[in-house]
Amino acid sequence: MEVNRRLFIKSCGVAMVGLGGMPSFLTRALAATPMPNGKILVVLFQRGAADGLNIVIPFAEPNYYRLRPSIAIPQPSLGKNEAAIDLDGFFGLHPSLSPLAPLYKQRQLAIVHAAGSPDNTRSHFDAQDYMESGTPGVKNTEDGWLNRHLQTQPKPNSRPFRAVTISPNLPRTLYGSAPAVALPDVRQFRVLAPSPKVEGGFEALYAQTLDGMLHGTGQETFEAIDLLRQADPARYQPQNGAVYPRGRVGQNLLQVAQLIKAKVGLEAAFVEANGWDHHVNEGGVQGQLANLLRELGEGLAAFARDLGDRMENVVVVTLSEFGRTAQENGNRGTDHGHANCMFILGGPVVGGKVYGRWPGLAPDQLNEGRDLALTTDFRTVLGELISEHLGNQNLERVFPSFSAGQKDFLGLIKT
Amino acid sequence: MDNEIIAFSCYCVKLSHFFGVDNSRQNFWGIGINMGIGNMGLADFRHLHKTLLRGPVVVALVYTFFFLFPAVAGTPTTRAFPGNLPIAELSEEEAVWHALNRLGFGPRPGDVERVRQIGLERWIEQQLDSESIDDSVMDAHLECYPTLAMSSAQLLEKYPPPQLAARQAGLSPEEYRRLRSQKQQASPNREEGRMEGETADLRRRMQTGEPSQQMMLAGPQRILAELVAVKMTRAIYSERQLQELLVDFWFNHFNVFAGKGADRWLLTSYDRDVIRPHVLGKFKDLLVATAKSPAMLFYLDNWQSADPQAFERLQQQMTERRQRLGNRFGLLGAERMRRLPPAGQQQQGQVARRRGLNENYARELMELHTLGVDGGYSQQDVTEVARAFTGWTLRAPRRAPEFYFEARLHDPNPKGVLGRKIHAGGIKDGEEVLDLLAHHPSTAKFISLKLARRFVVDEPPPVLVERMAKTFQQTDGDLRAVLRTMIYSPEFWSRESYRAKIKKPLELVASAARALGAQGDNPLPLARWIAQIGEPLYQCQPPTGYSDKAEAWVSTGALLNRMNLALALAGGRIAGTRADLPALVSVTEDAPQALDDFLNAFLGDQVSPQTRETLAIKLGESANPASLELIAGLVLGSPEFQRK
């Protein structure tokens, strides 16, 4: 049985004042009650609008090479590394994503192409706002879709780490009334003082206060600190020989893996990958995009390897506010476009397949004559993950005024 | 009423006699009252007051008073507490703390006494008339921030966007970026070792008086950095405390996000020219100023909104003109066509894309800026308002952004807004809509509600909101009058309102710095803490602005950061800001005494006995005597200091 530490503290609050705080051995013992891991969703947002057409390449689409004379990724050919990695005879992975190819083969990785937000805006700001609030076209939604998911799945004994972002600020996706924690660095989540007495002092202050709101949140905070101390994040060693890349994306994924292994009750995590807005010199097999993809691919592969069997409960999904123009521009880059590709990675995923109807790249098939058209609403994908993976049946509250339901799901999750 | 004042005056005289205060001193009124309340407490005071009023002795005293001090009895009574302020439930001490916390960013050492000296009501009236307050010290602080006085055009010229800067330097964007990142790596202000770098920098600057390294940012980041630094500096050091709170409130009400494209270059002017001049003026002036500001036009996309028929109309006109004037002038027509404001991203060689109506501004104008979400408007009203604002756009958006009305994009047909026909034509359509909205009863109510929510309690009593809304309507939206109604309402001073608000991150950090009497010359490291506690300044993404309710600010991660901020600030570990702790205590070597002194200085002793006891026990536990830094940090990080 799980001892509820908060309840314990509440019930002996009076005694604590007299004693000047709970003996530390007792605190530690009570904190050491791990929470069984439930299902976990990790959202990775590629800010800046990633170029989906050069990430998952439609190499069998003749228009692709016509539209991108200087930045196209060559068709796969045996023994050649500088080319797309064949997935299904039509689509290929960017060669920088080679660490993900085995996961695709093992059917842990699925891809949805021509997916995204139906709103036509080409403003990064608005498009991110719409995708994070989960309400394209509606600007005044106050909370984010992931927070609404948590709101509709209330947990009576919920833990402070239900929803986490590895960043100093909460992303729009996690705004809302359900508690969510912004952790700039898992190793720094503690009272930063030379002596542990200071932490004890604050803990006692917040335990005794009659200020209900600060009392409750204070208890949760110290519970969270204890939970993390248990996990001892400073000495974390990735397992199974996983090596995370050294950039921010890799290190953030590493910290999410730490939290998952620490069994702190994590249900949702949000990770950001920045810098995808390549208007100029985007590059092809090598270059700016290739470098970002290398870190992304290595990071996701290390994450899956590190978590091993634990991936049975984990799904990672990637999002980016919109795609980029099908045709390269005059600066060997691409401008703001429309539909994009999404990656879905995890044990519960029916992978090894590129999902979604391919709209084609012929002039009359393009959105407004310039962008990859949209055939799958991102909410259909997220809705399936929330419903089939996380077991939330309140989709109409998570994505209000979005009509797609079970019948529209792509079959991304094993049932 | 007169009797009461007189009796009160007598009682003061009596007290000052009792405490041996020299009556001949000009300010004996103030001293008398201070002594009385300070030593007796409110209960005693009330008791004495009642006794005095009851017996025949009152009459006797009154007559004696008039007889002995006729001149004094005739002087204005503004220094008396509570004067015209309807304060019944709070003591003078409490009321002064309340005022300093709610109408400013909390007291600095000595502020409570100062306000008592000049009288609470007079202090409030001064704050409401912010121009009358000498703020020359503040003005000197601001001289280190050159961007503050620049126009948007100057900012764009001096701190051009990277792509433009690259072109000017004759580099490819990639080369330019590489060069810049090399430069940044070479500077001592990189993430690692930033603290040390900053401290050393500060020390050097203290000696030489040169501007901070932090401020030496060359690129467009400098604009936002200076805006943030100035906002912090004003919150901490300005004497015009209420004005600074109001600027924060109204900026947040008419929020613009610094991260949306060009807005980075537009916010300096927005803050300075649009928000600041109007915070104690008429609401309509503020509303019109925001509606015509490049920052808002850009943020909520109105600059791109056009009558969907405008394109065809223009084409037709041009064809006609070409036919009329022949081919020689056709070029001119094409040139004019090209000069229309650009329609977002354009394909090369493509004719200007057909543009349409954009409803963003129209919707937020009614939902967030004026009527409120339940203010009684429909989707049809949103569309009609959007039509009225077609043609409200920007001239030279990338060089010298400026509001301008482009008649050719305007929808010339009549509009129906909230049941009224708008058909003034041209720019007057939008202006008439603003006038209609500014004078709508829903607006009076919504603005009053938001003010009361920020300044009084999260869920303000409807009677207070109605009273404020009435003033709003009677005074043509005079914001100073609405504030005065709020402050002169018993609800503002009620026990329920007292210490009921959770400090926003900006308020917490500013109030902690003020409580410590901190001095500094680089508030950016302090501002980073505000971001970590959840309120990155000028970086609220949605048009709603930051929340004024407690729930938004009390979360696990934020609370921990609040405690860590307290420890870091009191411990002198935040570069650019220093506090002199020994100056705040009577004896430095005595921990219990220091605790008492800090509780008094930071919280006016307004802590629960349990908190005091818990702190005393915790401090007594450690073998080594607790340092002043630690004691101050615990008090600033305590639950009590999170409220105001």
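Residues numbered from 1 in each chain as written. Chains lettered and ligands numbered in written order. Predicted model: local features only at pLDDT ≥ 70, side-chain atom pairs only at ≥ 80, totals over all residues. Heavy atoms only, no water.

1. Describing the overall build of chain A
Let me state the cut-off plainly: A helix here means a DSSP run of H or I that spans at least four residues, while a strand means a run of E at least two residues long, and both kinds are numbered starting from the N terminus. Relative accessible area decides the class of each residue, using a 1.4 Å probe on protein chains only: under 20% of the type maximum gives buried, over 50% gives exposed, and in between gives partly exposed. Only heavy atoms matter for contacts: two residues are in contact if any of them lie within 4.5 Å across the pair. All accessible areas in this document rest on Shrake-Rupley with a 1.4 Å probe, and a residue is counted as covered only by the protein chains that are shown.
When its secondary structure is counted, chain A shows 13 helices and twelve strands. Scored against the burial criterion, the 415 residues of chain A give a buried share of 64%. For chain A, restricting intrachain contacts to residue pairs at least 6 apart in sequence, the fraction spanning at least 24 positions comes to 72%. Accessible surface, chain A as shown: approximately 15200 Å² in total, 52% of it carbon and sulfur.

2. A look at the packing of helix α14 (residues 241-253) of chain B against helix α23 (residues 441-455) of chain B
The geometry of a pair of packed helices is captured by two quantities: the angle between their axes and the separation between those axes. Residue and element names in this part refer to chain B. Applicable threshold: Throughout, an axis means a line fitted to C-alpha atoms (over the contacting stretch in the case of helices), and angles, computed between N-to-C directions, take values from 0 to 180 degrees. In these notes the angle categories are as follows: under 35 degrees is roughly parallel, over 145 is roughly antiparallel, 65 to 115 is roughly perpendicular, and the rest is oblique. Note on convention: near helix rotated counterclockwise from far helix by under a right angle means a left-handed crossing. Clockwise means right-handed. Under the grouping applied here, Gly and all other residues not named as nonpolar or charged are polar, the nonpolar ones being Ala, Val, Leu, Ile, Met, Phe, Trp, Tyr, Cys and Pro and the charged ones Asp, Glu, Lys and Arg.
As a packed pair, α14 and α23 sit with axes 12 Å apart at the nearest point and diverge in direction by 125°. In this view, α14 runs oblique relative to α23, as classed from their interaxial angle. The crossing of α14 and α23 is right-handed. Counted together, L242, L245, L246, D248, F249, W250, N252 and H253 of α14 and F446, I447, K450, L451, R454 and F455 of α23 form the full contact between these two elements. Looking at side-chain class alone, the contact of α14 with α23 contains nine nonpolar, two polar and three charged residues.

3. Quick word on the sheet that holds strand β3 (residues 85-86) of chain A
Residue and element names in this part refer to chain A. Worth spelling out the cut-off: Two strands are said to pair when DSSP picks up at least two bridges between them.
The strand order across the open sheet built from three strands is β2-β4-β3, with neighbouring strands paired in antiparallel fashion. Among the strands making up the open sheet, the edge pair consists of β2 (56-57) and β3. Sheet topology note: the β3/strand β4 (residues 92-93) ladder contains two bridges and is antiparallel. Within β4, the residue paired with I85 across the bridge is L93.

4. Section: the side chain of R172 of chain A
Using the following cut-off: Within 3.5 Å is the distance limit for a polar contact, defined as a pair of N or O atoms, with the added protein rule that one can donate a hydrogen and the other accept it, and that residues adjacent in sequence qualify only through two side-chain atoms.
Among the secondary structure elements, R172 of chain A is positioned in the loop between β6 (163-165) and β7 (181-182). Within the structure, the side chain of R172 of chain A is placed 2.7 Å from the side chain of D129 of chain A, a separation counted as a polar contact. In this view, R172 of chain A contacts D129, E132, S133, K139, T141, E142, D143 and G144 of chain A together with Q541 and P542 of chain B; residues no more than four positions away in its chain are not counted.

5. Describing helix α6 (residues 111-118) of chain B
For an α-helix, 3.6 residues make a turn, and residues three or four places apart therefore share a direction. Residues and elements named next belong to chain B. Which entries qualify depends on this criterion: It is the directions from the helix axis to the C-beta atoms whose arc is reported.
Within α6, burial applies to D111, V112, V115 and R116. The buried residues of α6 all sit within an arc of 140° when viewed along its axis, so they share a single face. Positive phi shows up at G119, right after α6, with a value of about 95°.

6. Overview of the interface of chain A and chain B
As a reminder, the rule being used: Once two parts are brought into contact, the accessible area they lose, counted with a 1.4 Å probe and summed over both, makes up the buried area. We define a salt bridge as a contact between a side-chain nitrogen of Lys or Arg and a carboxyl oxygen of Asp or Glu at a distance within 4 Å.
Each side of the interface is counted separately: chain A has 54 residues, and chain B has 55 residues. Interface area for chain A against chain B, summed over the two sides, is near 4600 Å², with a carbon-plus-sulfur share of 62%. Counting across the interface, chain A meets chain B through two salt bridges. Residue R643 of chain B is joined to D211 of chain A by a salt bridge in which the shortest nitrogen-to-oxygen separation is 2.3 Å. Here chain A and chain B share eight residue pairs in polar contact (both at pLDDT 80 or more) between them. Among the secondary structure elements, those contributing two or more residues to the side of chain A that touches chain B are α2 (13-19), α6 (124-133), α8 (196-208) and α9 (212-231) of chain A. When the residues that make up the side of chain A that touches chain B are grouped by side-chain class, the tally is 24 nonpolar, 17 polar and 13 charged.

7. Observations concerning the environment of I413 of chain A
Residues and elements named next belong to chain A. Along the chain, I413 turns up in the segment after α13 (395-398). The exposure class assigned to I413 is buried, which follows from its relative accessible area of 5%. Separated by 66 residues in sequence, I413 and G347 place their C-alpha atoms 9.1 Å apart. Among all residues touching I413, those that are not within four sequence positions of it are V315, P348, V349, V350, E384, L385, E388 and H389.

8. Considering the confidence of the model for chain B
All names here are of chain B. The criterion, for reference: Per-residue confidence from the prediction method is given by pLDDT, with values spanning 0 to 100.
When the pLDDT values of chain B are averaged, the result is 81; 76% of them are 70 or greater. Here residues 1-78 is a poorly scored stretch, pLDDT under 50, and it has 73 contacts once near neighbours within four places are set aside; other chains count. Residue range residues 185-215 is modelled with pLDDT below 50. Its contacts to residues more than four positions away, or to other chains, number 44 contacts.

9. Details of the packing of α9 of chain A against helix α28 (residues 556-570) of chain B
It is the contact of α9 of chain A with α28 of chain B, at a shortest axis distance of 9 Å, that shows an interaxial angle of 90°. Taken together, α9 of chain A and α28 of chain B sit at an angle that is classed as roughly perpendicular. When α9 of chain A is examined against α28 of chain B, the residues L214, T217, G218, E220, T221, F222, A224 and I225 of chain A are found in contact with a partner set consisting of T556, L559, L560 and M563 of chain B. Residues that form the contact of α9 of chain A with α28 of chain B fall into these classes: seven nonpolar, four polar and one charged.

10. Describing the pairing of strand β8 (residues 268-273) of chain A
Residue and element names in this part refer to chain A. The element β8 is largely enclosed, with a buried count of six among its six residues. Strand direction decides the pairing type here: strand β1 (residues 40-46) and β8, joined by six bridges, are parallel. From the neighbouring strand, V43 faces β8, where its bridge partner is F270. Of the strand pairs in this sheet, β6 and β8 are connected by three bridges, and their pairing is parallel. Opposite V164, over in β8, you have A269 as the bridge partner.

11. A word on the pairing of β1 of chain A
Residues and elements named next belong to chain A. The element β1 is extensively covered by neighbouring structure, given that seven of its seven residues are classed as buried. In β1, alternate side chains face the same way, and those of I40, V42, L44 and Q46 on one face and L41, V43 and F45 on the other are all buried. As paired strands, β1 and strand β9 (residues 314-320) are joined by seven bridges and run parallel to one another. Note on β9: the bridge partner recorded for Q46 is S320.

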